[in-house]
Amino acid sequence: MALHSYLLLLLLLQISLLAADEAFIGVNIGTSLSDMPHPTQVVALLKSQQIHHVRLYDADQAMLIALAKTGIEVSVSVPNEELLAIAQSNSTAANWVYRNVVAHYPSTNITSICVGSEVLTTLPNVAKILVNAVKYIHSALVASNLDRQIKVSTPLSSSMILDSFPPSQAFFNRSLNPILIPMLDFLQSTGSYLMLNIYPYYDYMESNGVIPLDYALFKPLPPNKEAIDSNTLVHYTNVFDAVVDAAYFAMSFLNFTNIPVVVTETGWPSKGDRNEPDATLDNANAYNSNLIKHVLNMTGTPKHPGIAISTYIYELYNEDTKAGPLSEKNWGLFDANGKPIYILHLTGSGAVLANDTTNQTYCVAKDDADPKMLQAGIDWACGPGKVDCSPLLQGQPCYEPDNVVAHANYAFDTYYHLMGRSSEACNFNQMATISTSNPSHGSCVFPGSLGKNGTFDNVTAASMNSTSLDSSANNVHRSLVLVIGVVVTWGVVLL
């Protein structure tokens, strides 16, 4: 009984330590570009975007040198083509670790080694030697006294999880158990983690309509549209969480209950062939923006709430020389020149991966803002706030979409820039927040995007500083039951 209590306490302690770790968002850096940026340019982009975690698909020496003294945490990889030699020779593994890790550490902050990638599902002939390769690499770290600082694992494809929904019934492909069980034993004994590649895009594409697009993109779902695990009665609101929990349950099925999951690859393509209609800029933006917010808010998954699921986005650059369909070339956040493919919607998620290289900021409605409060804010901005709201009138560029959120975004942002982008000017009774995502759409160009630094270079002083606004503009979205006391309250907050 005492031993059982001790083991239970130890398990709870391990879980609490996992929960205490802060989740991070990192990026994968592929190099299949016809004009691959120089490593120093890559690092400059990482710094500008405050990206503190990267995964390399190899151990490129120039890249490791460029990353030195930056503090960026680096995951290096043993390419699949080198696995056979390393698995057959302890000395070969030791040489690899010396050249690619010891020679750069600690100046380059290497924190993990990925031994191969998706070997179990793509290279069955090599799979049987994978555990040997992992152990030899780890032994070399032990010999160099780096095994506590640097974890060793191998990225696995989520496709090896069978019957992944409901998650509580998930299990690994049993034909892989002779390799997977000793691998999980190694991960558990060394305090490492299960590296998992998760691609809701492919899950959605292959589901033949069973998986709703919004469920794949982390978009809010009404309760009756959420997926429910019939065994646990837990609700799932997105594919990502369901797959992570399926991995946890599959490990539990093999009696491994305290190995954390790190997602080494996930993302969404921004362009595709004709048979890939959902590979779009909007969907890629929605997926990665929602993913980042989901990871960084530390909610964890339904099975392990509060436990960090650190994640690497696939990927930093569009890789134009990648083989395969058009989508394979378009998973990147940036092009080769460091220009964002799209501006992520990261309201409230901090500065990481703001990916706005022009230092522009905007004032927009919060995601959970009350519509009535937003309406009051519009009325104040278009009245006492002296904002020219004529572009919101019917038939004008910013009338569509005709909803309170879109109109609030325009009114709030215009006031914010009228006031010189002062943080106090983006409050609106706590219904607004500063964002790096440009809310302009179609012919509706927001004031903040007109000047290089968010200034009104192309707007006349008269149009922005007028004290006598058109009466029809003042009445945009004006509530018929607006209480004057509410307007006074807004005035106190903003002026």
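Up top is the structure.
Cut-offs and rules
Residues numbered from 1 in each chain as written. Predicted model: local features only at pLDDT ≥ 70, side-chain atom pairs only at ≥ 80, totals over all residues. Heavy atoms only, no water. Helix = DSSP H or I, 4+ residues; strand = E, 2+ residues; numbered from the N terminus. Contact = heavy atoms within 4.5 Å. Areas by Shrake-Rupley, 256 points an atom, 1.4 Å probe, with all protein chains shown as cover. Buried < 20%, exposed > 50% of the residue type's maximum accessible area, 1.4 Å probe, protein only. Polar contact = N/O pair within 3.5 Å; in protein donor to acceptor, adjacent residues only side chain to side chain. Salt bridge = Lys/Arg side-chain N within 4 Å of Asp/Glu carboxyl O. Axes fitted to C-alpha atoms, helices over the stretch in contact; angles between N-to-C directions. Parallel < 35°, antiparallel > 145°, perpendicular 65-115°, else oblique. Left-handed = near helix turned anticlockwise from the far one by under 90°. Nonpolar A, V, L, I, M, F, W, Y, C, P; charged D, E, K, R; others polar. Pairing = 2+ DSSP bridges. Phe/Tyr/Trp six-rings, centres within 6.5 Å; stacked < 30°, edge-to-face > 60°.

Student: Tell me what's going on with the overall build of the protein, and back it up with residues and numbers.
Tutor: Check the secondary structure of the protein and you find 18 helices and 15 strands. Here the analysis covers contacts within the protein between residues at least 6 apart in sequence; of these, 72% occur between residues at least 24 apart. For the protein, the computed accessible surface area is about 22,300 Å², with 55% contributed by carbon and sulfur atoms.

Student: Break down the side chain of Ser112 for me, with residues and values.
Tutor: With respect to the helices, strands and loops of the structure, Ser112 is situated in strand E4 (residues 110-115). With a relative accessible area of 1%, Ser112 lands in the buried category. Only 2.8 Å separates the side chain of Ser112 from the side chain of Ser75, close enough to count as a polar contact. Discounting residues that sit within four places of it in the chain, Ser112 has contacts with Val74, Ser75, Val76, Ile150, Lys151, Tyr193 and Met195.

Student: Describe the environment of Pro391, naming the residues involved and giving the relevant values.
Tutor: Take Pro391: it is sitting in the loop between helix H14 (371-382) and helix H15 (404-418). Spatially, the C-alpha atom of Pro391 lies 9.7 Å from that of Val445, the residues being 54 residues apart in sequence. If sequence neighbours within four positions are ignored, Pro391 has contacts with Gln396, Pro397, Cys398, Tyr399 and Tyr410.

Student: Got a sec to walk through the environment of Gln41? Specific residues and values, please.
Tutor: Mapped onto the elements of the fold, Gln41 is located in helix H2 (residues 39-48). Exposure remark for Gln41: the relative accessible area of 48% places this residue in the partly exposed category. Sequence spacing of Gln41 and Gly338 is 297 residues, and the spatial spacing of their C-alpha atoms is 8.6 Å.

Student: Give a description of the pattern of salt bridges that names residues and reports values.
Tutor: The final tally for this structure, using the stated rule, is 2 salt bridges. The shortest N-O distance in the salt bridge between Arg55 and Glu265 comes to 3.0 Å. In this pair, Arg55 sits in strand E2 (residues 53-56) while Glu265 sits in strand E12 (residues 261-266), placing the two residues 210 residues apart along the sequence. In this structure Glu265 comes out as buried when scored by relative accessible area, which is 8%. Note that Lys322 is salt-bridged to Glu319, the shortest N-O span being 3.3 Å. The exposure class of Glu319 is buried, given its relative accessible area of 2%.

Student: Just give me the short version of unusual backbone geometry, but keep the residues and values in it.
Tutor: Of note, the bond from Tyr314 into Glu315 is cis; its omega dihedral lies within 30 degrees of zero at 10 degrees. Secondary-structure assignment places Glu315 in the loop between strand E13 (311-313) and strand E14 (362-365). That bond from Glu400 to Pro401 is cis: its omega, -5 degrees, falls within 30 degrees of zero. Tracing the backbone shows Pro401 in the loop between H14 and H15. You will see that Gln430, though not glycine, has its phi angle at about 65 degrees, which is positive. Here Gln430 shows up in the loop between H15 and strand E15 (432-435). Assessed through its relative accessible area of 57%, Gln430 is described here as exposed.

Student: Let's hear about the packing of H14 against H15: which residues, and what values?
Tutor: Two elements in contact, H14 and H15, have axes separated by 9 Å at closest approach and are oriented at 40 degrees. With respect to H15, the element H14 is oriented oblique. Between H14 and H15 the crossing geometry is left-handed. Seen from H14, the contacting residues are Pro371, Leu374, Gln375, Gly377, Ile378, Trp380, Ala381 and Cys382; seen from H15, they are Val404, Val405, His407, Ala408, Ala411, Phe412 and Tyr415. Here the residues of the contact of H14 with H15 sort into 12 nonpolar, 3 polar and no charged.

Student: Account for the sheet that holds E13, with residues named and values stated.
Tutor: The 9 strands are arranged E5-E4-E3-E2-E1-E13-E12-E9-E6 in an open sheet whose pairing can be described as parallel. A strand with exactly one partner marks an edge of an open sheet, and here the two such strands are strand E5 (151-153) and strand E6 (155-157). Neighbouring strand axes in the sheet, compared pairwise and without regard to direction, differ in orientation by 25 degrees on average. Sheet analysis places strand E3 (residues 73-78) next to E4, joined by 5 bridges and oriented parallel. Along E4, the bridge assignment pairs Val76 with Ile113. Sheet strands in contact with helix H12 (residues 239-253) are strand E9 (194-197), E12 and E13, and its direction is about 135 degrees off that of E12.

Student: Quick one: what's the story with the packing of aromatic side chains, residue by residue and with numbers?
Tutor: All chains considered together, the criterion is met by 19 aromatic pairs. Measuring from ring centre to ring centre gives 5.8 Å for Tyr201 and Trp331, while their planes differ by 90 degrees; the resulting arrangement is edge-to-face. A residue pair is termed long-range when its members are at least 10 positions apart, and Tyr201 in helix H10 (residues 200-205) and Trp331 in the loop between E13 and E14 qualify at 130 residues. Both residues of the pair, Tyr201 and Trp331, belong to the buried class.

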